Amino acid sequence: MIIKPKVRGFICTTAHPVGCAYQVQEQVNYVKSQNPIEGPKKVLVIGASTGYGLASRIAATFGAGANTIGVFFERPASDDRTASAGWYNTIEFEKQAREAGYYAESINGDAFSDEVKQLTIDLIRANMGQVDMVVYSLASPRRTHPKTGEVFSSVLKPLGGTYSNKTVNFHTGEVTEVTIEAANEEEIRQTVAVMGGEDWEMWIHALQEAGVLADGATTLAYSYIGPEITQAVYREGTIGRAKDHLEATALSLNNQLQATGGRAYVSVNKALVTQSSSAIPVVPLYISLLFKVMKEKGLHEGCIEQMYRLFAEQLFNGNKAAVDEKGRIRVDDWEMRSDVQSEVDTLWNKVSTDNLGELSDIAGYRKDFFKLFGFEVDSVDYELDVTP
Ligand code: NAD
């Protein structure tokens, strides 16, 4: 099959196995080129197939020498459809990990369900005994509650009033004004139920009760804060409420785990192009300006650089992680630097359809978007027939 991108809005419905494999290889190479990490040895990554979760898994294995179990929700290939990108990423990750002598197994299913939690516990018990690190990196538009069966949907909306700002269609390069209606209480409740900390806590309790969480284990989830420009739609919007809940869960889990020498953290990561972030209004335009400024200053990082830095310099550096006043690790520190933010602000006020190419790194944004699905990788020949 000759595989080309088929884009529908924020998603690409096809993925390229060779391009995805190449991207994983690049991340593995990056971690191998860095100093080894004195870190965890048996790691569970929930949301392990793309974005920050995949990069965490790669940093754990090729940085710290960890065996891993990955949980995710991905689509295998069928007769006339390619698999999803995360499926191909995982095939390549497992191949690389096993060739290097590490254990790597994966569970494809709904991480919010009791069934997948039980399958994971059984797999840990059979092959690892216990895990000493749990990374929670899910990003999902929906969650079915495992006890009540209620189906929650998350929305990306401001609170308290209608919000308007600039946004970009990154396929066409058109900068327009977007207006988003405020969320109601029910939408806030549902977004918190999907992206808040309840499921993370359920995972940790289930692992503890089954005796498969080692004493002294570290658990980690990811959050975002971002600049003034995106506050209304992100941190002070529905998703921000969910992140508040996730961060409060980290503090409560940290208290609970301290009894056995364990710890729980939220790490606030940098804004990056992932399947989740490209769906948020306003954010892609901010990211394309941010990339321009950070690249010019030599500060740009992708998921793997962020996760390596988090592991090597914060979590496993022999000291306590440095945290902010709310107990969060901040690897968004370079993004939030005042010189970076003030330059992004200046560009934000000027940017329009006419000058987008000059003021922003929209070309880099677009390329990163296609690379998520294994396309636009320089060394891949997309005219070649491949088996999906
Ligand atoms: P992503 O879309 O790349 O990855 C999401 C992962 O969750 C995938 O592995 C997917 O298979 C898995 N998943 C989704 N629903 C699932 C389900 N029901 N069961 C099992 N697995 C499921 O997302 P990402 O951008 O890497 O986000 C991960 C975390 O990082 C999120 O908490 C996000 O808010 C946070 N974060 C993202 C950014 C950013 O800019 N992308 C910045 C800071 C923090």
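Worth saying up front: this structure is predicted, and the values here are computed from it rather than measured. (Residues numbered from 1 in each chain as written. Predicted model: local features only at pLDDT ≥ 70, side-chain atom pairs only at ≥ 80, totals over all residues. Heavy atoms only, no water.)

Counting residues in each nonpolar core, the largest one holds 95 residues, and the members touching the most others are Ile58, Tyr286, Leu310, Phe311 and Leu315. Beyond its immediate sequence surroundings of up to four residues, tyrosine 286 is in contact with Tyr224, Pro227, Ile229, Thr230, Ala271, Glu335, Gln341, Val344 and Trp348. In terms of nonpolar packing, the next biggest core, distinct from the first, is built from 31 residues, Ile124, Met128, Leu138 and Leu246 among them. (Core = buried A, V, L, I, M, F, W, Y, C linked by side-chain atoms within 4.5 Å. Buried < 20%, exposed > 50% of the residue type's maximum accessible area, 1.4 Å probe, protein only. Contact = heavy atoms within 4.5 Å.)

With that out of the way, let us pick up the UniProt feature "site: Plays an important role in discriminating NADH against NADPH" (unreviewed entry) in the protein chain. As recorded in UniProt, the feature "site: Plays an important role in discriminating NADH against NADPH" (unreviewed entry) lies at Glu74. The residues contacting glutamate 74, other than those within four sequence positions of it, are Ser49, Thr50, Ser84, Gly86, Trp87 and Asn108. A distance of 2.6 Å separates polar atoms of two side chains, one belonging to glutamate 74 and the other to serine 49. (UniProt positions renumbered as here; feature names shortened; annotations may be inferred. Polar contact = N/O pair within 3.5 Å; in protein donor to acceptor, adjacent residues only side chain to side chain.)

Turning to the pairing of strand β4 (residues 67–72), a few remarks are in order. When you tally the buried positions in β4, you get 5 out of 6 residues, the bulk of the element. Examined bridge by bridge, strand β3 (residues 42–46) and β4 share 5 bridges and lie parallel to one another. Bridge assignment links valine 45 to a residue of β4, and that residue is glycine 70. Crossover connection from β3 via helix α2 (residues 51–64) to parallel β4: handedness right-handed. The parallel pair β4 and strand β5 (residues 104–108) is bridged by helix α3 (residues 85–99), and the resulting crossover is right-handed. (Helix = DSSP H or I, 4+ residues; strand = E, 2+ residues; numbered from the N terminus. Pairing = 2+ DSSP bridges. Right-handed = clockwise from strand over helix to strand, strands pointing away.)

On to the sheet that holds β4, then. Whenever strands of a sheet pair, they do so through backbone hydrogen bonds, lying parallel or antiparallel. Read from one edge of the open sheet, 7 strands run β5-β4-β3-β6-β11-β12-β13, paired in parallel fashion. With partners counted over all chains shown, the strands left at the sheet margins are β5 and β13 (329–330), one partner each. In this sheet, β13 lies alongside strand β12 (residues 263–268) in parallel orientation, the contact comprising 2 bridges. Its bridge partner lying in β13, valine 268 is registered against arginine 330. Contacting β11 (213–223) and β12, helix α7 (residues 238–258) crosses the sheet at an angle of about 155° to β12. The strands touched by helix α9 (residues 303–315) are β6 (131–136), β11, β12 and β13; relative to β11, the strand with the most contacts, the crossing angle is about 130°. (Axes fitted to C-alpha atoms, helices over the stretch in contact; angles between N-to-C directions.)

What follows covers helix α1 (residues 17–32). Spacing of three or four residues puts side chains on the same side of an α-helix, whose turn is 3.6 residues. Compared with an ideal rise of 1.5 Å per residue, which puts 16 residues at 22 Å, α1 spans 22 Å between its outermost C-alpha atoms and is within 8% of the ideal. Close packing links the buried residues of α1 with α2, α3, α9 and α12 (362–372). (Expected span 1.5 Å × (residues − 1).)

Mapped onto the secondary structure, serine 360 falls in the loop between α11 (356–359) and α12. Among the polar contacts made by the side chain of serine 360, one reaches the main-chain amide nitrogen of isoleucine 362 at a distance of 3.1 Å. If we ignore the near neighbours within four places in the chain, the residues touching serine 360 are Ser288, Leu289 and Lys292.

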